[in-house]
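Residue-level listing of the chains:
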Amino acid sequence: MGGGLAEGGAPVVGGMGAVADEVAVMVSRLAELSAIVEDDAARIDVLAGLERLKAAAAAAQYEVMVQFAESQRAARRGMGFAERHALRGVPEQIGLATKTSPSAAARQLGQARALACHLPGTFALLRTGEISEFAATFVVNETSHLDPEQRRQVDARLAGEITGIGPRRVQGLARRYAIEADPAAAVARASRARKDRRVGVRPAPDTMAVISALLPCEQGVAAYAALRRHADGVIATGGDGRSRDQIMADTLVERLTGQATADAVSAEIGLVMTDTSLLGDDNEAAELPGYGPIPADTARDITRRAGDRHSDDVGRARVFLRRLFTDPATGIIADCDPKRRRFDGTLARLLTYRDGGTCRDPYCDAPIRHFDHIHPYSHDGVTRPGNGRGTCARGNYVKQQPGWTIRLVDPFRHIVETTTPTGHRYQSRPPPAPGHRVGAQPRAA
């Protein structure tokens, strides 16, 4: 997935421009240089130089981001937009260009503006490669609650101390100086942070997942202690056979879901696999929306363990089959039964399965929150799978901004093209369903 890419991978809109051409030449030249280093001492020097180059490139990216954002802000003001709307759609365009999600791009833009406007010393060290982008991020985050003048004072103190030390020590120094600059603001920041408590899940290797919770410190410690006490009690009785960590993990699942046992997970999670994989006739990988591919044996084991529960089991799992119809040529999930008028119920599940559970915008990994008509319903767009796509809330709202268009350019493969206000075009298509092997994902057109 990507947008408006030429053979070299750069967006194409009426020529790239001299600076962009020069950057493309530099990228090509780097690949050549890495092949002519002849001894280990020189390789170490090259590694050190490339690390400085990475930092300098990050600083250059930040400068361009700020310039682009300010140019867009000025243009929006000229169009009569209110200040609070002047930057809408800017992070999305940056994300498409940098192959990152819109939320990640918004964080990058915020970091870029902080460094360029309020942390000149740190920014200068990043430009010359004296500190890493990782270290600069810590400085930005630890000083975010200070006013601009306080931030500059902390930056001046840090500038002479953060070279030659690791990122964690940079973080510690930045936090210490920020607290000293405004102790009351540090306390207020801690209070505000409690409002940001949340839970998340992300894939881990080998069909595992990491569920995390950002909690006030005393709640996090209390929750962990409760799980550990329970595990210690189970171990003390003997005969369980599980390790302490396994008991704690199983207890967490049971208490959160209300299941009698941790493995009584309903197959309603949306496990997508072929009939032959389900019956054991082949080993085509299955798909778990929101996670990704899993081995066929693991998928069969999930359904088997759930299906082995007796009907009178408390908290038993449920297993049922739903037919999903794939296009035999493209391998894309195209329909299911039954149909409904709106993108809800069965239609919503179909779009979720077809799009893999994540936003269809290029490079966005956010979970699906909205089901969007590609050709708007208000303009006679039909409510059918071919005219629908799953998006995050941000991806759905941004297309309402001036200069953005979304259209289906290839109904056969369901390729959706996004055009941004600068004229760059980016394409995305759904992943192939299990049991179908298709070519590589299309690059931007």
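Owing to the predicted nature of the structure, the values given are computational and were not obtained by experimental measurement. Per chain, the residues get numbers from 1 upward, laid out in the order the sequence is written. Side-chain atom pairs in this predicted model are given and counted only at pLDDT of 80 or more, local residue features only at pLDDT of at least 70, and totals for whole chains, interfaces and linings cover all residues. Water and hydrogen atoms play no part in the side-chain values, which are based on all heavy atoms of the structure.

(A) Local environment of helix α7 (residues 148–159). Only DSSP runs of H or I with at least four residues qualify as helices, and only runs of E with at least two residues qualify as strands; both kinds are numbered from the N terminus onward. Helices are assigned an expected span. That span is 1.5 Å times one less than the residue count. Taking 1.5 Å of rise per residue, the 12 residues of α7 would be expected to cover 16 Å, and the 16 Å separating its terminal C-alpha atoms lies within 8% of that figure. Think of it in three bands: with a 1.4 Å probe and only protein chains considered, a residue is buried below 20% of the maximum accessible area for its type, exposed above 50%, and partly exposed in between. The complete set of buried residues in α7 reads Gln150, Arg151, Val154, Asp155 and Leu158. Along the long axis of α7, the arc covered by the buried residues comes to 140 degrees, so they all point the same way. We call two residues in contact when some of their heavy atoms are within 4.5 Å. As for α7, its buried residues are in contact with α4 (102–118), α5 (120–127), α6 (133–142) and α8 (167–181). Residues adjacent in sequence count toward polar contacts only when both atoms are side-chain atoms; beyond that, a polar contact is any pair of N or O atoms within 3.5 Å, and within protein one must be able to donate a hydrogen and the other to accept it. The backbone nitrogen of Glu149 lies 3.1 Å from a side-chain oxygen of the residue at the head of α7, namely Asp147. Within this analysis, the arc is defined by the directions that extend from the helix axis to the C-beta atoms.

(B) Examining the packing of aromatic side chains more closely. Stacked, tilted and edge-to-face pairs are distinguished by plane angle, under 30 degrees for stacked and over 60 for edge-to-face with tilted covering the rest, among Phe, Tyr and Trp rings (Trp via its six-membered ring) whose centres lie within 6.5 Å. Inspection of the entire model under this criterion finds 1 aromatic pair. Geometrically, the ring pair formed by Phe134 and Phe138 is tilted, given 4.8 Å between the ring centres and 45 degrees between the ring planes. A residue pair is termed a helical-turn pair when its members lie 3 or 4 positions apart in one helix, as Phe134 and Phe138 do in helix α6 at 4 residues. If you follow Arg76 out to its NZ or CZ, it ends over the ring of Phe81, 5.1 Å from the centre. Sitting over a ring, as applied to charges here, requires NZ of Lys or CZ of Arg to be within 6 Å of the ring centre and within 35 degrees of the ring normal. Over the face of the ring belonging to Phe123 we find Arg127, whose NZ or CZ atom lies 4.2 Å from the ring centre.

(C) Representation of empty space enclosed by the protein. For cavity detection a 1 Å grid was placed over the protein atoms alone, and a set of points counts as a cavity when a 1.4 Å probe fits there but cannot get out; an open set counts as a pocket when protein lies on both sides within 12 Å along at least five of seven lines, with lining residues being those that have an atom within 4 Å of a point. Grid points are joined across faces, edges and corners, and a volume is the space filled by probe spheres set on the points. In this structure the tally under the stated criterion is 2 cavities of 30 Å³ or more. Each pocket or cavity is described by its volume, and for the largest cavity that value is around 120 Å³. What lines the largest cavity is a set of 15 residues, and nearest its centre among them are Glu92, Leu96, Pro102, Asp361 and Trp404. Sorting the residues of the lining of the largest cavity by element identifies α3 (90–98) and α15 (393–398) as the ones contributing at least two each. Tallying contributions element by element places α3 first for the lining of the largest cavity, with 3 residues. Its residues placed into classes, the lining of the largest cavity shows 7 nonpolar, 4 polar and 4 charged. Here the term charged refers only to Asp, Glu, Lys and Arg, the term nonpolar to Ala, Val, Leu, Ile, Met, Phe, Trp, Tyr, Cys and Pro, and the term polar to all other amino acids, Gly among them.

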